[in-house]
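Take a look at the letters that make up each chain.
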Amino acid sequence: MDKTNRSIFLFSGFRRTILLFLVILASCSEKEIFSEYRSISQAEWDKNDILEFEVYIKDTEALYDVFLELRNNNDYSFRNIWLFIDYQTPSGEIRSDTLNADLADIYGKWYGKGISLYTYTFPYGLNVQYKDTGNYTYTIRQGMRENPLKGISDVGLRVSKQGNQ
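None of these values were measured; they are calculated from a predicted model.

The rules behind the values
Residues numbered from 1 in each chain as written. Predicted model: local features only at pLDDT ≥ 70, side-chain atom pairs only at ≥ 80, totals over all residues. Heavy atoms only, no water. Buried < 20%, exposed > 50% of the residue type's maximum accessible area, 1.4 Å probe, protein only. Helix = DSSP H or I, 4+ residues; strand = E, 2+ residues; numbered from the N terminus. Pairing = 2+ DSSP bridges. Core = buried A, V, L, I, M, F, W, Y, C linked by side-chain atoms within 4.5 Å. Contact = heavy atoms within 4.5 Å. Axes fitted to C-alpha atoms, helices over the stretch in contact; angles between N-to-C directions.

Engineer: Would you explain the pairing of strand 10 (residues 152-161) in this entry?
Structural biologist: In summary, the side chains of a regular strand alternate between the two faces of the sheet. Most of strand 10 sits out of view: 10 of its 10 residues are buried. Relative to strand 10, strand 1 (residues 32-39) runs antiparallel, the two sharing seven bridges. When the bridges of strand 10 are listed, phenylalanine 34 appears paired with valine 159. As judged from the nine bridges shared by strand 4 (residues 64-73) and strand 10, these two strands associate in the antiparallel manner. Of the residues in strand 10, the one forming a bridge with aspartate 65 is serine 160.

Engineer: How should the nonpolar core be read in this particular structure?
Structural biologist: Note on soluble globular proteins: their nonpolar side chains tend to be buried together. Within the largest apolar cluster, 37 residues are counted, with the highest numbers of intra-cluster contacts made by Trp45, Ile81, Tyr130, Tyr138, Ile152 and Leu157. Looking at this core, the elements that each hand over two or more residues are strand 3 (51-57), strand 4, strand 5 (80-88), strand 6 (94-102), strand 7 (117-128), strand 8 (134-142) and strand 10. With five residues, the single largest contributor to this core is strand 7. In this structure tyrosine 138 touches Leu51, Glu52, Phe53, Val55, Val66, Asp86, Tyr87, Tyr124, Tyr130 and Leu157, once residues within four positions along its chain are discounted.

Engineer: For this particular structure, what's the right way to read unusual backbone geometry?
Structural biologist: Peptide bonds are trans in most cases, and residues, glycine excluded, mostly fall at negative phi. Look at the link from asparagine 147 to proline 148: it is a cis peptide, with omega at 0 degrees. Looking at the element boundaries, proline 148 is found in the loop between strand 8 and strand 9 (149-150). Even without glycine at this site, alanine 43 takes up a positive phi of about 55 degrees. By the secondary structure assignment, alanine 43 is in the loop between strand 1 and strand 2 (44-45). Positive phi outside glycine occurs at asparagine 127, with the angle close to 60 degrees. Note on placement: asparagine 127 falls in strand 7.

Engineer: Please clarify how the sheet that holds strand 5 should be interpreted in this entry.
Structural biologist: Within a beta sheet, neighbouring strands are joined by backbone hydrogen bonds and run either parallel or antiparallel to one another. Read from one edge of the open sheet, four strands run 3-8-5-6, paired in antiparallel fashion. Across the chains shown, the open sheet's two edge strands, defined by having one partner strand only, are strand 3 and strand 6. The sheet shows a mean angle of 25 degrees between the axes of neighbouring strands, taken without regard to direction. Across six bridges, the pairing between strand 5 and strand 8 is antiparallel. Bridge pairing links tyrosine 87 to tyrosine 138 in strand 8.

Engineer: Whenever I open this one, the side chain of threonine 139 confuses me. Can you help?
Structural biologist: The residue threonine 139 is located in strand 8 in this model. Apart from the residues lying within four places of it in its own chain, the contact partners of threonine 139 are Ile50, Leu51, Glu52, Phe84, Ile85 and Asp86.

And the structure:
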């Protein structure tokens, strides 16, 4: 194979690889319909600071998975965190939940991914089927006794459509 044919062959293989990567990337991002974080000023979360996320749902036939995401630094002094979550439907119905999430083992080793900033993903609702199209509002408050709660830097919400829907 001469030099010209070899470079065309390598270039076409490179293009196929890039195309495959873009197809995989597009298929992954289509499943995730919402993903946002709210930063907490100076990583000190006051009890009165309510974090709000508005998710627009247009497909009521699909099933969804809802995840809470959290980031903490080494200033966080507890093994767990209590969160109060409210979620309001487009028709105004409100559902309230309390979530107790473990962040570290009994020796203080963080379960999250990271080195000095640890990231966690907690399932909040799996196989959720929304009744109505429209905006669903999720609000999250910290439920710990310490106020302000030091060491929590970001809180997020992610909603993904299940399977090949």
